[in-house]
Amino acid sequence: MDTGDGRELDRECAAADSFVVHIVDDDDSFRTSLLRLFRSKHIQAAGYATLADFERTDIDGAPGCVLLDLCMPDGDGLAMFERLIGDDSVLPVIFVSAYADIPISVRVMKSGALDILVKPVRGEQLLETIDHARKVALRRYAARTEVRGLLERYRTLTDRERAVFAGVAEGKLNKQVAVEVGACERTIKSERAKMMKKLQLTRLVDVVRAAEMVGLKLSFDDSSTTERLP
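To keep things clear, this report deals only with the structure shown in the data block. In this text, all values refer to a predicted model and were calculated from it rather than measured experimentally.

## Observations concerning the packing of aromatic side chains
Taken as a whole, this structure holds three aromatic pairs when the rule is applied. Relative to phenylalanine 95, the ring of phenylalanine 81 lies with its centre 5.5 Å away and its plane at 85°, an arrangement referred to as edge-to-face. Placement of the pair is phenylalanine 81 in helix α4 (residues 77-86) and phenylalanine 95 in strand β6 (residues 93-97), with a sequence separation of 14 residues. Ring geometry for tyrosine 154 against phenylalanine 165: centres 5.8 Å apart, planes inclined by 55°, an arrangement best described as tilted. Here phenylalanine 165 lies in helix α7 (residues 159-169) and tyrosine 154 lies in helix α6 (residues 123-154), a separation of 11 residues in the sequence. Accessibility classification places tyrosine 154 together with phenylalanine 165 in one group, the buried group. Above the face of the phenylalanine 30 ring, lysine 119 is positioned so that its terminal group lies 4.5 Å from the ring centre. The ring of tyrosine 154 is capped by arginine 162, whose NZ or CZ atom sits 4.5 Å from the centre of that ring.

In structure tokens, the structure reads:
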């Protein structure tokens, strides 16, 4: 999608700079040592002694990852992780525990966690894992930001522009869309240009992808001939 020269790179740099490691662990000494380690590596980090403290935090405002103890005094870390997944959180989760046996490790990884580390965790291993989590988090955050931005632009379309958007995504000719919406072909061409500009799209492949991202249910007619975008 056409997002403008330089703007995409600026957003990526801003997201990378705002990456945060959320440390959810009731062991004060462990949590403090990690905060010092990350600070020394110029990595933003925040610590939480309870699940409740973490759950009161806005974690969707910036890319990040979660270092989460399996056993917390106020609940089950894995249960909270499953709630995060249910809420469509994009933050990758790395479990840390002193009691990570094989059955627990298998359960954690099957649940979709990024990794599980056994205490005491070596600093080098932890930093490598965080670097991997950072890359994953930035990809997920960029994808979510793209979808949210597209949805905001989609809401600015008129009903007719939405109809044209769906028609173009289905590969229909302007004259076919004109018949469906009860307008002349010239009007559809104009509406199509407005729609493309509002959605910041230039190529047909982007139109189809954008339609899927906003949740449109497309139906394709094999007899239709795909028309080149103006």
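## Points about the environment of cysteine 71
Turning to its location among the elements, cysteine 71 is positioned in strand β4 (residues 71-72). Placed 24 residues apart in sequence, cysteine 71 and phenylalanine 95 show a C-alpha to C-alpha distance of 10.0 Å.

## Things to note about the pairing of strand β3 (residues 64-69)
Summarising burial for β3: six of the six residues are buried, a large majority. The pairing of strand β1 (residues 20-24) with β3 spans five bridges and is parallel. Residue histidine 22 lies in a different strand from β3, and its bridge partner there is valine 66. Pairing analysis gives four bridges linking β3 to β6, with the strands arranged parallel. Bridging across to β6, aspartate 69 finds its partner in valine 96.

## Considerations on the pattern of salt bridges
Overall, the coordinates contain 12 salt bridges when judged by the stated rule. Between aspartate 69 and lysine 119 there is a salt bridge, with the nearest N and O atoms lying 3.5 Å from each other. Note that aspartate 69 is positioned in strand β3 and lysine 119 in the loop between β7 (115-118) and α6, a separation of 50 residues in sequence. According to the relative accessible area criterion, aspartate 69 is buried, its value standing at 7%. One salt bridge in this structure joins arginine 203 and aspartate 206, with 3.1 Å as the shortest N-O distance. On the accessibility criterion, aspartate 206 (5% relative accessible area) is buried. The network of salt bridges with shared partners includes Asp25, Asp69 and Lys119.

## Here's the deal with the sheet that holds β3
What holds strands together in a sheet is hydrogen bonding between their backbones, with the strands either parallel or antiparallel. Read across the sheet, five strands follow the order β2-β1-β3-β6-β7 without closing on themselves; strand pairing throughout is parallel. Because the sheet does not close on itself, it has two edges, and the strands there are β2 (44-48) and β7. Looking at each pair of strands side by side, their axes are set apart by 20° on average, direction ignored. Sheet analysis places β1 next to β2, joined by five bridges and oriented parallel. Counted as the bridge partner of valine 24 is tyrosine 48 from β2. Packing against the sheet, α6 makes contact with β1, β3, β6 and β7, and its axis sits at approximately 135° to β3.

Conventions adopted
- Residues numbered from 1 in each chain as written.
- Predicted model: local features only at pLDDT ≥ 70, side-chain atom pairs only at ≥ 80, totals over all residues.
- Heavy atoms only, no water.
- Phe/Tyr/Trp six-rings, centres within 6.5 Å; stacked < 30°, edge-to-face > 60°.
- Helix = DSSP H or I, 4+ residues; strand = E, 2+ residues; numbered from the N terminus.
- Buried < 20%, exposed > 50% of the residue type's maximum accessible area, 1.4 Å probe, protein only.
- Lys NZ or Arg CZ within 6 Å of the ring centre and 35° of its normal.
- Pairing = 2+ DSSP bridges.
- Salt bridge = Lys/Arg side-chain N within 4 Å of Asp/Glu carboxyl O.
- Axes fitted to C-alpha atoms, helices over the stretch in contact; angles between N-to-C directions.
- Contact = heavy atoms within 4.5 Å.

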